Amino acid sequence: MNDAEPDIILQTRNLKETYMQGKVPIHALQGVDLEVRRGELVSIVGPSGSGKSTLLSIIGMLEIPTEGSVFIDGIEVTGVKAKEIPRLRREKIGFVFQHFNLLPALTALGNVEIAMRFARVHKKERIKRAREVLTEMGLGERLNHKPSEMSGGEQQRVSIARALANRPAIILADEPTGEVDTKTRDLIIGILRRLSDGGQTVIIVTHDPWVAERTDRVITLVDGRVEDS
Amino acid sequence: MFDIILRNLSQRKIRTALTIFGIGLGIFAVIVMGSMSENFNQTFETSFALTADKIRVFGSSGVFGGSVTTSKAAEVRKVPGVHDAYGLLMAPLEEGGGMSFGGNQVIGLPPEKSNTVLGPVQVKEGRDLVRGDRYVTVIGSSIATQYDIGVGDRIEIQDKYFTVVGELEYTGSFFDASAAIPLDIAQDVYDMGNMVSMIFAIPEEGVDGDLLAKRIKLSVDGVDTLSPSELEEEAKQGLMIFSVITVSAAVLAAIIGGLSVMNTMLMSVMERTKEFGILKAMGAERRDILLMTVGEAAIMGLLGGLLGLACGWVAVFGINLWLAEKGIVLFLITPRLVAIAMLFAILLGTLSGIYPALRATGMSPMEALRYE
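The shown structure was predicted, so the numbers you read here are calculated from the model rather than taken from an experiment.

Caption draft 1: Seen up close, the overall build of chain B. From N to C terminus, chain B includes 12 helices and 12 strands. Partitioning the contacts of chain B with sequence separation of at least 6, the portion at a separation of at least 24 is 79%. Accessible area for chain B stands at about 17,100 Å²; split by element, carbon and sulfur atoms hold 62% of it.

Okay, here's the thing in structure tokens:
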């Protein structure tokens, strides 16, 4: 357990990530310390190669840092056994990707419902919850449509619904408006803001200053270090 | 999970169908070759069961090779522990026909022993041979079918006509393809003088067949014996070699089918790299990915097995129907064969899916998500 304040949902301590590009070591993160409060809408900005996506992957337990710790909801996720990671990922993290990453063969309902299967949620409950979150996203009429039959904005809303399905502690959104037009961008950011206002913690990685301006706090990464937050 | 597996399989219909066809072809070979082997096994087992109490006595020049004279039967009969002994002449029914497994044969036997030799087999119609019979015969069911003859009809053996006086019921043994005629007539038409192919020695009740066989060998000059257990062992070795050859060929075909499953699954796993990344990001565990991937391979194995079984059954049924006109039964599909073939198909599919599944589970979720 960490000694952070109770409303701190995410804390990173001296987070470092180094990987080899051929024989050249690349220091993607060089000691990142940050804290995010419960219900906060935070954006992480910075130039390409500043370590934004690496930071998001480590927080999302998709990558293991070379050094340092990550605490989510009071649990040091960097210190748990590998076999515990999928369960923690289900319980603590919901991902929203730039390219939506929906499963093309499944309907909107199927894409949201599948996320709960791995949490061993009963089928009836899965369908009920998937309908609820999709309806919340304004997709009540598009439940049985496949991704290929939906617009980019609709697909991203399915992706957000999927991220919300398991009621995670944090939603990590990697360039969620990178693939949509400005009207849809406004809609997506509106949804994320609404979620945050409802108590859901949301962390967005973005290149778009317009998006960053609409978050509670902007964390700027430069060369793997937090320059401003 | 089952619905996801089926969905994944139906996503690549042609590839899945071809893979199932590959497995099906292998299992088809297992069924056809295996049913041939099963038929020979059953024929032997039934034949053996019907003559299990008898010791074979041959000329000492070799088993199945050396003939003995009729008079030796009297010598064998005198050996303590022997209840009865009589000579038999075995010869091919058709001219130029060999004494091959499954071929038609003539059994020359003392008519008064007809009931003992053919005893285990019921006479379906007519009667056994009796003392005083000459150019008459009792035929097996396959000969009756093949020659389309019955009691009262005549059959030509070595240019002589024999009247059918009895027809045996079907047993699945060599008796089905046998025509029993009086021994002296057989020796005459086959120009064998007083020679017989072998002597059947029947032990007295409670006498051990193996020990008696040794005693006969020691007591009677110029003979060799084959006790029931020796006969069983020798025949089983022969059948084992046959089974190994036929089943190996079939298993090889099935393994090629299994490799096609592995190839399909490897391609499928590679194509779905990103999907596995997404599933892992959503919290899928190692066992979920394993179950999904191995499950697909196992279902392809199951469907391939069912396809091979159905095609094999149709082929075996068709060939048996065609051969029935010739009085031959070549294939026998047993529950044991079906169970082995299906288990083999599912195992083959499952095992072929394990390596691709391990590759899928071993992927780093981040790398999988970046895969294009």
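Caption draft 2: Molecular detail of the pattern of salt bridges. Enumeration according to the criterion identifies 27 salt bridges over all chains in this entry. Of the charged contacts in the structure, one is a salt bridge between arginine 336 of chain B and glutamate 38 of chain B, with a shortest N-O distance of 2.5 Å. Separated by 298 residues along the polypeptide, arginine 336 of chain B in helix α11 (residues 335–362) and glutamate 38 of chain B in helix α2 (residues 13–51) bring together distant segments of the chain. Using a relative accessible area of 10% as the deciding quantity, one classes glutamate 38 of chain B as buried. Residues joined by salt bridges that share partners form a network here, namely Arg38, Asp73 and Lys92 of chain A.

Caption draft 3: Highlighting the side chain of threonine 184 of chain A. Residues and elements named next belong to chain A. With respect to the helices and strands, threonine 184 occurs in helix α6 (residues 182–197). With a relative accessible area of 15%, threonine 184 lands in the buried category. Within polar-contact distance, the side chain of threonine 184 engages the side chain of aspartate 181 at 2.6 Å.

Caption draft 4: Broad picture of the confidence of the model for chain B. Residues with a pLDDT of 70 or more make up 94% of chain B, whose mean pLDDT is 83. For this predicted complex, the interface score ipTM comes out at 0.83, alongside a pTM of 0.69.

Caption draft 5: Inspection of α11 of chain B at higher detail. Residue and element names in this part refer to chain B. Between the first and last C-alpha of α11 there are 40 Å, a value that for 28 residues agrees with the 40 Å anticipated at 1.5 Å per step. When the local axis directions of α11 are compared, the greatest deviation, roughly 35°, occurs at isoleucine 354, which is followed within four positions by the proline proline 356. Among the residues of α11, those classed as buried are Leu337, Ala341, Met342, Ala345, Leu348, Gly349, Ser352, Gly353, Pro356, Ala357, Ala360 and Thr361.

Caption draft 6: Geometry of the layout of surface pockets. Of the volumes computed, that of the second largest pocket is approximately 580 Å³. In terms of lining, the second largest pocket is formed by 25 residues, of which the most central are Ala82, Ile85, Pro86 and Arg89 of chain A together with Pro365 of chain B. Counting only elements with at least two residues in the lining of the second largest pocket, the list comes to α2 (85–92) of chain A together with α10 (286–324) and α11 of chain B. The biggest single contributor to the lining of the second largest pocket is α2 of chain A, with three residues. For the lining of the second largest pocket, the class distribution of residues is 14 nonpolar, four polar and seven charged.

Caption draft 7: A look at the nonpolar core. Membership of the largest hydrophobic core comes to 82 residues, with the highest contact counts inside it found for Leu10 and Ile72 of chain A together with Leu279 of chain B. Examining the composition of this core, we find that six residues originate from one element, helix α3 (residues 108–117) of chain A, more than from any other. When near neighbours in sequence (up to four residues on either side) are disregarded, leucine 279 of chain B contacts Leu103, Ile114 and Phe118 of chain A together with Ala284, Ile289 and Met292 of chain B. Counting 35 residues, the second-largest nonpolar core is a separate cluster that includes Ile55, Ala73, Ala144 and Leu212 of chain B.

Caption draft 8: Seen up close, the packing of helix α8 (residues 228–271) of chain B against α10 of chain B. All names here are of chain B. The interhelical angle for the contact between α8 and α10, taken along N-to-C directions, is 145°, at an axis separation of 11 Å. Crossing angle aside, the handedness with which α8 passes α10 is right-handed. Contacts from Val261, Thr264, Met265, Ser268 and Val269 in α8 reach Thr293, Glu296, Ala297 and Met300 in α10. Within the contact of α8 with α10, the residues separate by chemical class into five nonpolar, three polar and one charged.

Caption draft 9: Structural context of the packing of aromatic side chains. Considering all chains together, one arrives at four aromatic pairs over all chains under this definition. Ring geometry for tyrosine 135 of chain B versus phenylalanine 162 of chain B: centroids 5.1 Å apart, planes at 55°, classification tilted. Taken together, the residues tyrosine 135 of chain B in the loop between β5 (123–126) and β6 (136–139) and phenylalanine 162 of chain B in strand β8 (residues 160–168) connect sequence positions 27 residues apart. Assessed through its relative accessible area of 0%, phenylalanine 162 of chain B is described here as buried. For the ring pair tryptophan 313 of chain B and phenylalanine 317 of chain B, a centre distance of 5.1 Å and an interplane angle of 10° mean the geometry is stacked. One end of the pair is tryptophan 313 of chain B and the other is phenylalanine 317 of chain B, both in helix α10 and four residues apart, which spans about a single turn. The exposure class of tryptophan 313 of chain B is partly exposed, given its relative accessible area of 48%. Classification of phenylalanine 317 of chain B as partly exposed rests on a relative accessible area of 45%. A cation over a ring is seen here: arginine 185 of chain A above tryptophan 210 of chain A, with NZ or CZ 3.8 Å from the ring centre. Seen from the ring of tyrosine 161 of chain B, arginine 154 of chain B lies directly overhead, with NZ or CZ sitting 4.6 Å from the centre.

Caption draft 10: Geometry of empty space enclosed by the protein. Scanning the entire structure with this criterion turns up one cavity of 30 Å³ or more. In this structure, the largest cavity occupies an estimated 110 Å³ of space. For the lining of the largest cavity, the secondary-structure elements that each account for two or more residues are α2, β6 (93–96) and α5 (152–164) of chain A together with α9 (273–281) of chain B. Looking at the lining of the largest cavity, the element that brings in the most residues is β6 of chain A, giving three residues. Residues belonging to the lining of the largest cavity are distributed by class as follows: nine nonpolar, two polar and three charged.

Caption draft 11: Just the sheet that holds strand β2 (residues 24–37) of chain A, in detail. All names here are of chain A. Taken in spatial order, the four strands of this open sheet run β2-β1-β4-β5, and their pairing is antiparallel. Among the strands making up the open sheet, the edge pair consists of β2 and β5 (75–76). Pairing geometry for strand β1 (residues 8–21) and β2, over 11 bridges, is antiparallel. When the sheet's bridge partners are listed, leucine 15 is paired in β2 with valine 32.

Caption draft 12: Up close: the interface of chain B and chain A. If you look at the interface, chain B gives 22 residues, while chain A gives 19 residues. Across the chain B/chain A interface, buried area totals approximately 1,900 Å², and carbon plus sulfur atoms make up 61% of it. Here chain B and chain A share two salt bridges between them. The salt bridge partner of arginine 120 of chain A is aspartate 288 of chain B, with a shortest N-O separation of 2.9 Å. Mapped by element, the contributors of at least two residues to the side of chain B that touches chain A are α1 (2–11), α9, α10 and α12 (365–370) of chain B. For the side of chain B that touches chain A, the element with the highest residue contribution is α9 of chain B, accounting for six residues. The residue makeup of the side of chain B that touches chain A, split by class, is 11 nonpolar, two polar and nine charged.

Caption draft 13: Looking closely at helix α7 (residues 209–219) of chain B. All names here are of chain B. Residues of α7 that are buried: Gly209, Leu212, Ala213 and Ile216. What you see down the axis of α7 is that its buried residues fit within an arc of 105°, all on one side. Facing away from the buried side of α7, by more than 90 degrees, are the exposed residues Leu211, Lys214 and Leu218. Considering only its buried residues, α7 is in contact with β1 (55–59), α3 (70–78), β3 (82–92), β11 (198–203) and β12 (223–226).

What counts and how
Residues numbered from 1 in each chain as written. Chains lettered and ligands numbered in written order. Predicted model: local features only at pLDDT ≥ 70, side-chain atom pairs only at ≥ 80, totals over all residues. Heavy atoms only, no water. Helix = DSSP H or I, 4+ residues; strand = E, 2+ residues; numbered from the N terminus. Contact = heavy atoms within 4.5 Å. Areas by Shrake-Rupley, 256 points an atom, 1.4 Å probe, with all protein chains shown as cover. Salt bridge = Lys/Arg side-chain N within 4 Å of Asp/Glu carboxyl O. Buried < 20%, exposed > 50% of the residue type's maximum accessible area, 1.4 Å probe, protein only. Polar contact = N/O pair within 3.5 Å; in protein donor to acceptor, adjacent residues only side chain to side chain. pLDDT = per-residue confidence, 0-100. Expected span 1.5 Å × (residues − 1). Bend = angle between axes of the 7 residues up to and from the residue. 1 Å grid on protein atoms, 1.4 Å probe; cavity = no way out; pocket = protein on both sides within 12 Å on 5 of 7 lines; lining within 4 Å. Points joined across faces, edges and corners; volume = space filled by probe spheres on them. Nonpolar A, V, L, I, M, F, W, Y, C, P; charged D, E, K, R; others polar. Core = buried A, V, L, I, M, F, W, Y, C linked by side-chain atoms within 4.5 Å. Axes fitted to C-alpha atoms, helices over the stretch in contact; angles between N-to-C directions. Left-handed = near helix turned anticlockwise from the far one by under 90°. Phe/Tyr/Trp six-rings, centres within 6.5 Å; stacked < 30°, edge-to-face > 60°. Lys NZ or Arg CZ within 6 Å of the ring centre and 35° of its normal. Pairing = 2+ DSSP bridges. Buried area = accessible area lost by both parts, 1.4 Å probe. Arc of directions from axis to C-beta.

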